[in-house]
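Given next are the chains, with one letter for each unit.
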Amino acid sequence: MFPRKLAAAAAAAAAARAGPRGGGLLAVLANQCRFVTGLRVRRAQQIAQLYGRLYSDSARRVLLGRLWRRLRGRAGHASAMMAALAGVFVWDEERIQEEELQRSIDEMRRLEEMSTMFQSSGVDRHPPEPKPQTEGSEDSGAKAQPWEMVMEKKHFKLWRRPITGTPLYQYRVFGTYTDVTPRQFFNVQLDTEYRKKWDALVIKLEVIERDMVSGSEVLHWVTHFPYPMYSRDYVYVRRYSVDQENNVMVLVSRAVEHPSVPESPEFVRVRSYESQMVIRPHKSFDENGFDYLLTYSDNPQTVFPRYCVSWMVSSGMPDFLEKLHMATLKAKNMEIKVKDYMSSKPLEIGGEAKASSPSSERKSESSCGPARIEA
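Quantities reported herein were computed from a predicted structural model and do not represent experimental measurements. (Residues numbered from 1 in each chain as written. Predicted model: local features only at pLDDT ≥ 70, side-chain atom pairs only at ≥ 80, totals over all residues. Heavy atoms only, no water.)

### Considering the overall build of the chain
Tallying secondary structure elements over the chain gives eight helices and eleven strands in all. For the chain, with 375 residues in total, the buried portion stands at 47%. Accessible surface, the chain as shown: approximately 19,200 Å² in total, 55% of it carbon and sulfur. (Helix = DSSP H or I, 4+ residues; strand = E, 2+ residues; numbered from the N terminus. Buried < 20%, exposed > 50% of the residue type's maximum accessible area, 1.4 Å probe, protein only. Areas by Shrake-Rupley, 256 points an atom, 1.4 Å probe, with all protein chains shown as cover.)

Written as structure tokens, this is what we have:
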């Protein structure tokens, strides 16, 4: 409907500029634009309904994925419209790529190098203020802004920096745990069923679709916010990867739109959200001790000033990390059974979620997902 309205508005504006003489001709033009646009929208709807009857869900995904790739270079809105009308999530545009995982790992490596330099000079274990990110980093709008120390505790340091052009901050935590293993910490973050038990703020958390090509997953997460604010809901894609050779784990997530999770009047939809966590074992995945780097930002859609939102996040993040740590200790002590995500492929976990079919034109990538902090 938007192209139709835009065409009508443009024609009406042109008619107003043209005056009485040109009004009749431009009125005819406006009517013609509305007619042609209406025909195209109805035709797209008919095509979507036809393919819905003729093809299975998996076949329709492959077909629409090909159409998306073919049309996006010439008429980007047309492919998006067809996907929306057919109710299909197009993985080719939304899956988390290897490059996103690698950027997070590279950032962890830079901090480790800085930490090593300062440690050799007799300074504490944790790194100093992180340097601004280089070109190609995950947040180009904030890359030139300096990091500001917000909090320093025994086991972690917290920085923030303003995101240019917005009233928001990006946050970064560099921390260490020595009483749990990287595998346990990693599994606790990924296990959605266990999260519902240890995090009282969770109202709903479930995987709604998985990508067979990359192992990326789409999740719907509903969480309580401080009274009197409405609860927030997130729809996001996540991907996880374990690199045994380089002794590192990474979890990446970011907000997406999914046709099966429309916006609800009961919650406020958070549409801007990113989280990356990298875990580096001190020795091995199954021995106590590791460092982690968590980078996080979202727009909670509040009317409070930036300093209020910053205070809520800065005070809430240590509380979340402590709850996550305690949940990991319980899992370590076998009080709670947690799935082992390192031993299972993403598509083998939680078979209730809908898995999309891979395109025949792509090869399978290594099994790899996030850390609101979602973790």
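### Here we look at the packing of aromatic side chains
The final tally for this structure, using the stated rule, is 15 aromatic pairs. The interplanar angle of 85° and the centroid separation of 6.4 Å between the aromatic rings of Trp-221 and Tyr-236 together place this pair among those described as edge-to-face. One end of the pair, Trp-221, is in strand β5 (residues 217-223); the other, Tyr-236, is in strand β6 (residues 232-243), with 15 residues separating them in the sequence. An angle of 75° between the planes, with centres 5.2 Å apart, marks the rings of Tyr-234 and Tyr-273 as edge-to-face. In this pair, Tyr-234 is assigned in strand β6 and Tyr-273 in strand β9 (residues 273-281), connecting sequence segments 39 residues apart. Each member of the pair, Tyr-234 as well as Tyr-273, is classed as buried. (Phe/Tyr/Trp six-rings, centres within 6.5 Å; stacked < 30°, edge-to-face > 60°.)

### Considering the pattern of salt bridges
Enumeration according to the criterion identifies 22 salt bridges in this entry. Measuring nitrogen to oxygen at the nearest pair gives 2.7 Å for the salt bridge that ties Arg-238 to Glu-217. Note that Arg-238 is positioned in strand β6 and Glu-217 in strand β5, a separation of 21 residues in sequence. Residue Arg-238 shares its accessibility class with Glu-217, and that shared class is buried. (Salt bridge = Lys/Arg side-chain N within 4 Å of Asp/Glu carboxyl O.)

### Things to note about unusual backbone geometry
A positive phi angle, near 60°, is found at Asn-247, a position not held by glycine. Structurally, Asn-247 is set in the loop between β6 and β7 (248-255).

### Considering helix α6 (residues 182-190)
Of all nine residues in α6, eight are buried, a share of seventy percent or more. The set of residues buried in α6 consists of Pro-182, Arg-183, Phe-185, Phe-186, Asn-187, Val-188, Gln-189 and Leu-190.

### Topic: the nonpolar core
Most often, soluble globular proteins keep nonpolar side chains buried together rather than apart. One finds Val-173, Phe-186, Val-188, Tyr-234, Ile-279, Tyr-292 and Met-317 to be the most contacted residues of the largest nonpolar core, which totals 46 residues. In terms of residues, this core owes the most to one element, helix α8 (residues 306-332), which gives eight residues. One finds Trp-147, Val-248, Val-250 and Val-278 within the second-largest nonpolar core, a separate group that totals 22 residues. (Core = buried A, V, L, I, M, F, W, Y, C linked by side-chain atoms within 4.5 Å.)

### Focus on the side chain of Arg-183
One can find Arg-183 in helix α6. When its relative accessible area of 19% is taken as the criterion, Arg-183 is described as buried. Those residues within four positions of Arg-183 in sequence are excluded, and the remaining contacts are Met-249, Phe-285, Asp-286, Asp-340, Met-342 and Ser-343. (Contact = heavy atoms within 4.5 Å.)

### Regarding the confidence of the model for the chain
With 60% of its residues at a pLDDT of 70 or more, the chain shows a mean pLDDT of 76. Across the chain, β5 holds the top mean pLDDT of 97, while helix α3 (residues 76-86) sits lowest at 52. Below pLDDT 50 for its whole length, residues 357-372 participates in 70 contacts with residues either more than four positions away or in separate chains. (pLDDT = per-residue confidence, 0-100.)

### Regarding the environment of Asp-291
Of note, Asp-291 is situated in strand β10 (residues 290-298). For Asp-291, a relative accessible area of 9% corresponds to the buried category. It is 9.6 Å that separates the C-alpha atoms of Asp-291 and His-155, two residues lying 136 residues apart in sequence. Polar side-chain contacts of Asp-291 include one of 3.0 Å to the side chain of His-282. (Polar contact = N/O pair within 3.5 Å; in protein donor to acceptor, adjacent residues only side chain to side chain.)

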